[in-house]
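# Coordinate analysis (summary)
In case you want the letters, here they are:
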Amino acid sequence: MGESKKKQASIFELDGVPSLGQAAPLAMQHVVAMIVGCVTPAIIVAGAGGLDGRDRVMLIQAALVVSALSTYLQLFPIGKKGGFRLGSGLPVIMGVSFAYVASMQAIAADIGVAAIFGAQIVGGMIAAVIGFFIDKIRKLFPPLVTGTVVFTIGLSLYPTAINYMAGGASSPSYGSWQNWLVAFLTLAIVTFLNHFTKGFLKLSSILIGIIGGYILGCFFGMVDLSAVSSASFFQAPNIAHFGVAFEPSSCVAIGLLFAINAIQAIGDFTATTTGSMDREPTDKELKGAIVGYGLTNVLGAFLGGLPTATYSQNVGIVTTTKVINRVVLGLGATILLVAGLIPKFSALLTTIPQCVLGGATISVFASIAMTGIKLITSQEMHYRNMSVVGLAVAIGVGVTQASASLAQFPAWVTTIFGKSPVVIATIAAVFLNTVLPKQRS
């Protein structure tokens, strides 16, 4: 009796195997909540880098496969339970992160996709080192600083969403009324489901919005399915298919983002444990989590998968449902892995009209910015803290919107500081928070 109880674990227990009937719908709920966010950065980067149909499919495939492998490591760590383990052992889902999109777009357009993967290897190593010294480095990144960075990331993504809503800057139909109509109807569906429904409909609002926009796009002749018919049924990711190039300015830009995201991940892991397990994550769990995050990104670069991070929407599902069983989330990762090994599925995702993606994701970018504001305002907003946030965002956004102001500098300066406001905002926020007097009313 005791043996069978142990074998058939509850979905509310971290360890053990629940029934497939219980686990499958909950696993699918996690997949639905994150799959669009997981593949959209790959679609955006493929467009910026001018990749052809086959390479676009492979970039999306790799995004799904690497997200699945990263999730497996976090759920089921490598190493002995008493000592250091690679991975956290906590119920989280990993996926390709929007935080890197603005910088990756610039690198893909100006230098090439291979430079993203070289920078990702460097960034992954930086994150792994930060993981080993997390208790010492963490004080440089209080909520005021991380909130400023997250807010700036959200701001930096708005032009991408608007360009996509208009049909994509390289499209002959850019700015047409058809693109705007489809984009706004997609956004209307997402907004309605987010605010007027709950449960599965709310969790899958972006997916349903994209399906609705996709159907509408078909009526306007925006969908071309030729890539699906020519794609194969099964294919594993090719090692270093896109190449790996170590370009210094790209490594600096992406490396800084990895440092920030390593610290930011603490928030997601803490939210997971406090919201669903009534405890803070241990130092061992955080160390294993962040070192694992760094090393899986190094591996992911060789597989062609873009940088991953913890997914806040899945943290929300875990804390809302209190379903923490690792097998449930592992089944979700398995669904992602299988989807990533089927090129026809990845090819279908490439047929989504850009205006539909823009309409669906602008709300995601808005929520990223608002998450940053929430982190910022968790601190007292006296004159000193307002100076840190205001100056960091002003310099970061101001310089990138007037990137010609760096024309007299070497090209690498523009690549690091002139393409995305996140890098300057990060450096400025850390510096100002360190040097400004702590008390000022």
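To keep things clear, this report deals only with the structure shown in the data block. (Residues numbered from 1 in each chain as written. Predicted model: local features only at pLDDT ≥ 70, side-chain atom pairs only at ≥ 80, totals over all residues. Heavy atoms only, no water.)

A separate point is the pattern of salt bridges. Throughout the structure, instances matching the rule amount to two salt bridges. Note that Asp15 is salt-bridged to Arg326, the shortest N-O span being 2.3 Å. With a gap of 311 residues between them, Asp15 in the loop between helix 1 (2-7) and helix 2 (20-48) and Arg326 in helix 15 (residues 326-340) connect regions that are remote in the sequence. What makes Arg326 buried here is its relative accessible area of 15%. Arg279 serves as the salt-bridge partner of Glu285, at 2.9 Å between the closest nitrogen and oxygen. (Salt bridge = Lys/Arg side-chain N within 4 Å of Asp/Glu carboxyl O. Helix = DSSP H or I, 4+ residues; strand = E, 2+ residues; numbered from the N terminus. Buried < 20%, exposed > 50% of the residue type's maximum accessible area, 1.4 Å probe, protein only.)

With that settled, consider the packing of aromatic side chains. The geometry of two aromatic rings is summed up by the distance between their centres and the angle between their planes. Applying the stated rule across the entire model yields seven aromatic pairs. Aromatic side chains Trp180 and Phe184 sit 5.7 Å apart centroid to centroid with 25° between the ring planes, which places their arrangement in the stacked category. One end of the pair, Trp180, and the other, Phe184, are both in helix 8 (residues 177-196), four residues apart, so they sit about a helical turn from each other. Above the plane of the ring of Phe233 lies Lys344, whose end atom (NZ or CZ) is 4.9 Å from the centre. (Phe/Tyr/Trp six-rings, centres within 6.5 Å; stacked < 30°, edge-to-face > 60°. Lys NZ or Arg CZ within 6 Å of the ring centre and 35° of its normal.)

Let us now look at the nonpolar core. Core analysis: the largest hydrophobic core is formed by 101 residues, its most contacted members being Leu59, Leu64, Tyr100, Met104, Ile254, Leu306 and Ile368. Looking at this core element by element, the count peaks at 13 residues for helix 2. Contacts of Met104, omitting those with residues within four sequence positions, involve Val45, Ile116, Ile254, Leu306 and Pro307. Phe151, Val388, Val393 and Val397 belong to the second-largest nonpolar core, a separate cluster that totals nine residues. (Core = buried A, V, L, I, M, F, W, Y, C linked by side-chain atoms within 4.5 Å. Contact = heavy atoms within 4.5 Å.)

With that settled, consider helix 5 (residues 113-132). Compared with an ideal rise of 1.5 Å per residue, which puts 20 residues at 28 Å, helix 5 spans 29 Å between its outermost C-alpha atoms and is within 8% of the ideal. When you tally the buried positions in helix 5, you get 15 out of 20 residues, the bulk of the element. (Expected span 1.5 Å × (residues − 1).)

Turning next to unusual backbone geometry. Of note, Ala240 is a non-glycine position whose phi angle comes to about 50°, a positive value. Summarising the element assignment, Ala240 is placed in the loop between helix 11 (226-230) and helix 12 (248-276). Under the relative-accessibility criterion, Ala240 is labelled partly exposed at 33%.

Before going further, it helps to spend a moment on the environment of Ser346. For Ser346, the position within the fold is in helix 16 (residues 343-350). The exposure class of Ser346 is buried, given its relative accessible area of 0%. Along the backbone, Ser346 and Leu64 are 282 residues apart, and their C-alpha atoms lie at a distance of 9.0 Å. In contact with Ser346, other than residues within four places in its own chain, are Val57, Ile60, Gln61, Leu64 and Ala339.

A contiguous nonpolar surface patch, about 740 Å² in accessible area, is contributed by Trp177, Leu181, Leu185, Ile211, Ile215, Phe219 and Phe220. For the nonpolar patch, the elements supplying multiple residues, two or more each, are helix 8 and helix 10 (205-219). (Patch = residues over 30% accessible without salt bridge, like charges linked within 9 Å, V, L, I, M, F, W, Y side chains within 5 Å. Areas by Shrake-Rupley, 256 points an atom, 1.4 Å probe, with all protein chains shown as cover.)

This paragraph deals with the side chain of Thr310. Take Thr310: it is sitting in strand 2 (residues 308-310). Owing to a relative accessible area of 12%, Thr310 belongs among the buried residues under this scheme. Excluding residues that lie within four positions of it along the chain, Thr310 makes contacts with Ile93, Met94, Ala265, Asp268 and Phe269.

Looking now at the environment of Ile134. Relative to the assigned elements, Ile134 resides in helix 6 (residues 134-137). Once the C-alpha coordinates of Ile134 and Asp283 are considered, the two residues, 149 residues apart in sequence, prove to be 8.6 Å apart.

Another point: the side chain of Thr40. Note that Thr40 resides in helix 2. By relative accessible area, Thr40 is classed as buried at 1%. The contacts of Thr40, once residues within four sequence positions are left out, are Phe98, Leu357 and Thr361.

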